[in-house]
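A structural walkthrough
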Amino acid sequence: MEALEPDVLAALRRYDTPTMANAIETFDIRPHDTGYAGHEIRCIFPDLPVMVGYVATGTIRARGDEPGHGPDLVWNHVRQIPGPRVVVLQDLDDPPGHGAFWGEVMATTFDALGCEGVVTNGCVRDLDEAHAVGFRFFAGSVGVSHGYVRAEEVGVPVTVGGLQVSPGDLLHADKHGVLLIPREIAADLPAAAERVIAREQNFLGWVKSPEFDPDDNMIGRLRH
Ligand SMILES: O=C([O-])CC(=O)C(=O)O
Ligand SMILES: [Mg+2]
């Protein structure tokens with residue numbers, strides 16, 4: 001799939017993720033209760049800037065001393081994806097999060113490979129060091145050990161927090177969570193976001209004004 005113009009990505013970065021979610025709804029191209037990861041995927045560094053990037057995928061496990069691949073399998077895969085990149089790793093352990101693939105070493109290395117962060121249902125560690133790198137962690141848990149962590153597959157569709165993604169998909173994420181951007185409307189989203197913001201601010205301007213009157217068609221004003 002072809003990468004979008006860099007100025008489209010730059011424009012998407014100017015909005016927070018809930019505004020992007022509202023903007024997507026205005027196109028009515030997917031159910032409004034889909035297209036985002038569940039709240040079990042937490043933003044570990046809420047102060048870091050919005051993350052926007054193309055998805056590289058993989059699966060991992062950390063329980064049991066079983067054969068598997070090193071991180072080089074994932075390093076090689078991410079380099080096939082156009083930048084900026086976001087790694088989405090599904091932890092297949094049951095329950096997931098028993099051992100961390102992500103810590104200081106991986107955050108620093110994947111940052112050097114042009115990745116902005118990771119979205120995983122697994123666990124992460126070395127929080128201070130990863131934060132200093134500016135590498136975003138969206139994870140199911142934080143843990144102390146990497147256990148027997150190993151990569152299983154890369155470049156396959158994965159599901160994290162109930163959200164299924166494939167390599168090359170576009171993600172937008174911030175302190176609120178992780179959102180899948182439909183690529184076919186990506187270039188139209190900044191204008192849609194401006195319309196959403198204008199409508200909300202118009203309503204809020206009235207709510208905060210001396211003209212505010214709860215008997216004056218509140219719901220109609222909110223929707224128009
Ligand atoms: O050791 C690991 O697999 C994860 C980790 O702590 C690091 O990347 O620094
Ligand atoms: Mg470490």
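Residues numbered from 1 in each chain as written. Chains lettered and ligands numbered in written order. Predicted model: local features only at pLDDT ≥ 70, side-chain atom pairs only at ≥ 80, totals over all residues. Heavy atoms only, no water.

Overview of the environment of Thr-34
When you line up the elements, Thr-34 lands in the loop between α2 (17–25) and β1 (42–43). Separated by 171 residues in sequence, Thr-34 and Gly-205 place their C-alpha atoms 31 Å apart. There is a polar contact of 2.8 Å between the side chain of Thr-34 and the backbone oxygen of Pro-31. (Helix = DSSP H or I, 4+ residues; strand = E, 2+ residues; numbered from the N terminus. Polar contact = N/O pair within 3.5 Å; in protein donor to acceptor, adjacent residues only side chain to side chain.)

Things to note about helix α6 (residues 189–207)
For α6, with 19 residues, the first-to-last C-alpha span of 27 Å sits near the 27 Å given by 1.5 Å per residue. Buried within α6 are the following residues: Leu-189, Pro-190, Ala-192, Ala-193, Val-196, Phe-203 and Trp-206. Packing partners of the buried residues in α6 comprise α1 (6–12), α2, β11 (177–181) and α7 (218–223). (Expected span 1.5 Å × (residues − 1). Buried < 20%, exposed > 50% of the residue type's maximum accessible area, 1.4 Å probe, protein only. Contact = heavy atoms within 4.5 Å.)

Some details on the UniProt feature "binding site: Mg(2+)" (unreviewed entry) in the chain
UniProt's feature table lists "binding site: Mg(2+)" (unreviewed entry) at Asp-126, given in the numbering used throughout. Along the polypeptide, Asp-126 turns up in the loop between β5 (115–124) and α5 (127–133). Setting aside residues up to four positions removed in sequence, Asp-126 forms contacts with Gly-103 and Glu-104. One polar contact links the side chain of Asp-126 to the main-chain amide nitrogen of Glu-104, over a distance of 2.7 Å. (UniProt positions renumbered as here; feature names shortened; annotations may be inferred.)

Section: the site of ligand 1
In the vicinity of ligand 1, the contacting residues are Ala-100, Phe-101, Gly-103, Glu-104, Val-105, Met-106, Arg-125, Asp-126, His-146 and Val-149. At a separation of 3.0 Å, an oxygen atom of ligand 1 approaches a polar backbone atom of Glu-104. At 2.7 Å from an oxygen atom of ligand 1 is found a side-chain nitrogen or oxygen belonging to His-146. Across the complex, the protein chains shield 86% of the 260 Å² of accessible surface that ligand 1 would expose by itself. For the shell around ligand 1, the elements supplying multiple residues, two or more each, are β4 (100–102) and α4 (104–112). Here the shell around ligand 1 takes three residues from α4, the largest share from any one element. The class makeup of the residues in the shell around ligand 1 is five nonpolar, two polar and three charged. (Near = heavy atom within 4 Å. Areas by Shrake-Rupley, 256 points an atom, 1.4 Å probe, with all protein chains shown as cover. Nonpolar A, V, L, I, M, F, W, Y, C, P; charged D, E, K, R; others polar.)

Side note on the packing of aromatic side chains
Given two aromatic rings, one states the distance between the centres and the angle between the planes to describe the pair. In the structure shown here, the tally under the stated rule is eight aromatic pairs. A centroid spacing of 6.3 Å and a plane angle of 55° characterise the contact between Phe-101 and Phe-110, whose relative ring orientation is tilted. On the basis of relative accessibility, which here comes to 0%, the residue Phe-110 falls in the buried class. Each member of the aromatic cluster is reached from another via a ring pair, and the members are Phe-45, Phe-101, Trp-102, Phe-110, Phe-135 and Phe-137. (Phe/Tyr/Trp six-rings, centres within 6.5 Å; stacked < 30°, edge-to-face > 60°.)

Focus: the environment of Val-156
Looking at where Val-156 falls in the secondary structure, it is placed in the loop between β7 (150–154) and β8 (158–160). For Val-156 and Asp-126, which are 30 residues apart along the polypeptide, the C-alpha to C-alpha distance reads 27 Å.

Quick word on the pairing of β11
Burial analysis of β11 places five of its five residues in the buried class, the great majority of the element. In the sheet, strand β10 (residues 170–174) pairs with β11 via five bridges, with the strands oriented antiparallel. Each residue of the ladder has a partner; that of Leu-170, found in β11, is Ile-181. Counting the residues that bridge the hairpin from β10 to β11 gives two residues. (Pairing = 2+ DSSP bridges.)

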